[in-house]
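Chain residues, written in single-letter form:
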Amino acid sequence: MVKQIRQAAAVALMLAMGSTLAQAEETPVAIGISGWTGFAPLTLADKAGIFKKHGLAVEVKMIPQSSRHLAVASGTIQCAATTVETYISWNAAGVPIKQIVQLDKSYGADGLAVRSGINSIRDLKGKTIGVDAPGTSPYFALAWILDKNGMTMKDVRLATMSPQAAAQAFTAGRNDAAMSYEPYLSSIRKQPSAGKIIATTLDYPMVMDTLGCTPTFLKAHPQAAKALVESYFDALEMIKQQPEKSYEIMGAAVKSSGKAFAESAGYLRWQGREENRAFFNGGIQRFSDEAGKLLLRAGVIKTVPDINSLYDASFVQ
């Protein structure tokens, strides 16, 4: 009798697992990202079959940060990778999305490049800076750096362009400065004759990225959301176990060699499960509070949304 009960329980467990996997398989998930190095484990999870192993049918779409929220609002994508403060802007603009896993923290991967004659942040007063649009990470990073030096965006001239275009324009001799990130920032690092990098996230630690999904998607497909998080952690493990293969796959997605991509990855830290637990246990709240106030002062948002509504920590436990 005991044996029969155990067999029945085993069958029930297998059926439940099969049901969960089938549900995940039947759930299409579109994720919006950019070529930012920190998002690359998501690309790896896609190209190396990790998402598929977890029963997910994921479509990774390259969408500029400045318009990624529009794709979320239209239903084109259900999830998006972006910087923590961007969720404040999106939610304030009426595009609800909740963070479910921290992807990375920048350790010098975002930076402000200037011409050789500029020796301090205050020297940028009246200068032209190539930077992405309001509501994007580079715009926020520049506002943060200026704020820490007693300045605002009104003290400089802005030339709106993508991070890649900003770096390209700078190395081509246009604009006085450029706010960009890896892998594009390395093009400036490799051309010192164009200028120098005066500040990075080593000096001003304010860039960290997360993956978030719409509340509607999370409520309807919690198993799929959990599978997304586990896929990310598995991608980090693959990078650790098979670094050369992993960097080649991730580099190919941004037309870079594996070696060059590995170098750009050295300027950030991907965040594992333990780092995520610490992040959702105080870190995200403290940073979001300060970031929200800056976005309000900068005129990017009109009201600061409830910080606690911007994330769901249950998926990393």
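Residue numbers here run from 1 along each chain, matching the order of that chain's written sequence. The model is predicted, so local features are restricted to residues of pLDDT at least 70 and side-chain atom pairs to those at 80 or more, both for listing and for counting; the totals for chains, interfaces and linings are taken over all residues. For the side-chain quantities, the full set of heavy atoms in the structure was used; hydrogens and water were omitted.

(A) Structural detail: the layout of surface pockets. Detection works on a 1 Å grid of protein atoms alone, calling trapped sets that fit a 1.4 Å probe cavities and calling open sets with protein on both sides within 12 Å along at least five of seven lines pockets, with lining residues defined by an atom within 4 Å of a point. Grid points are joined across faces, edges and corners, and a volume is the space filled by probe spheres set on the points. When its volume is computed, the largest pocket comes out at roughly 570 Å³. Every residue lining the largest pocket is counted, 29 residues in all, and those nearest its centre are Gly-35, Gln-164, Pro-183, Tyr-184 and Val-254. Mapped onto the lining of the largest pocket, the elements with two or more residues apiece are helix H4 (65–74), helix H7 (163–171), helix H8 (185–189) and helix H12 (258–265). Residues are grouped as follows: Ala, Val, Leu, Ile, Met, Phe, Trp, Tyr, Cys and Pro are nonpolar; Asp, Glu, Lys and Arg are charged; all remaining types, including Gly, are polar. A per-class count over the lining of the largest pocket returns 13 nonpolar, eleven polar and five charged. The domain limits used here are those given by an automatic or database domain assignment. Counting residues domain by domain, the lining of the largest pocket receives three or more from each of domain 1 (29–105 + 207–309) and domain 2 (110–200). Only runs of H or I of at least four residues qualify as helices and only runs of E of at least two qualify as strands under DSSP, and these elements are numbered from the N terminus.

(B) Inspection of the sheet that holds strand S5 (residues 110–114) at higher detail. Spatially, S7-S6-S8-S5-S9 is the arrangement adopted by the five strands of the open sheet, whose pairing is mixed. A single partner strand is all that each edge strand has here, and the edge strands are strand S7 (157–160) and strand S9 (196–200). When strand polarity is set aside, the average angle formed by the axes of neighbouring strands in this sheet is 30°. Should any heavy atoms of two residues lie within 4.5 Å, those residues are counted as being in contact. Think of each axis as a best-fit line through the C-alpha atoms, taken over the contacting stretch in the case of a helix, with angles from 0 to 180 degrees between the N-to-C directions. Sheet contacts for helix H6 (residues 137–148): S5, strand S6 (128–131), S7, strand S8 (177–181) and S9; angle to S8, the most-contacted strand, approximately 125°. Across the face of the sheet, H7 comes into contact with S5, S6 and S8 while running at roughly 135° to S8. Note on pairing: two strands pair once DSSP finds at least 2 bridges between them.

(C) Structural context of the domain arrangement of the chain. Each assigned domain of the chain is listed here: domain 1 (29–105 + 207–309) and domain 2 (110–200). Between domain 1 and domain 2, the C-alpha centre-to-centre distance is 24 Å. With 21 residues of domain 1 at the interface, the matching set in domain 2 holds 21 residues. Buried area: the accessible area, evaluated with a 1.4 Å probe, that two parts lose upon being put together, summed over both parts. Between domain 1 and domain 2, the buried area comes to about 1700 Å², and carbon and sulfur atoms account for 64% of it. Taken as a group, Trp-36, Tyr-267 and Leu-294 account for 27% of the area that domain 1 buries against domain 2, more than any other trio of residues on that side. A pairing counts as a salt bridge when a side-chain nitrogen of Lys or Arg comes within 4 Å of a carboxyl oxygen of Asp or Glu. Connecting domain 1 to domain 2 are two salt bridges. Two residues, Arg-297 and Asp-147, come together in a salt bridge whose shortest N-O distance is 3.3 Å.

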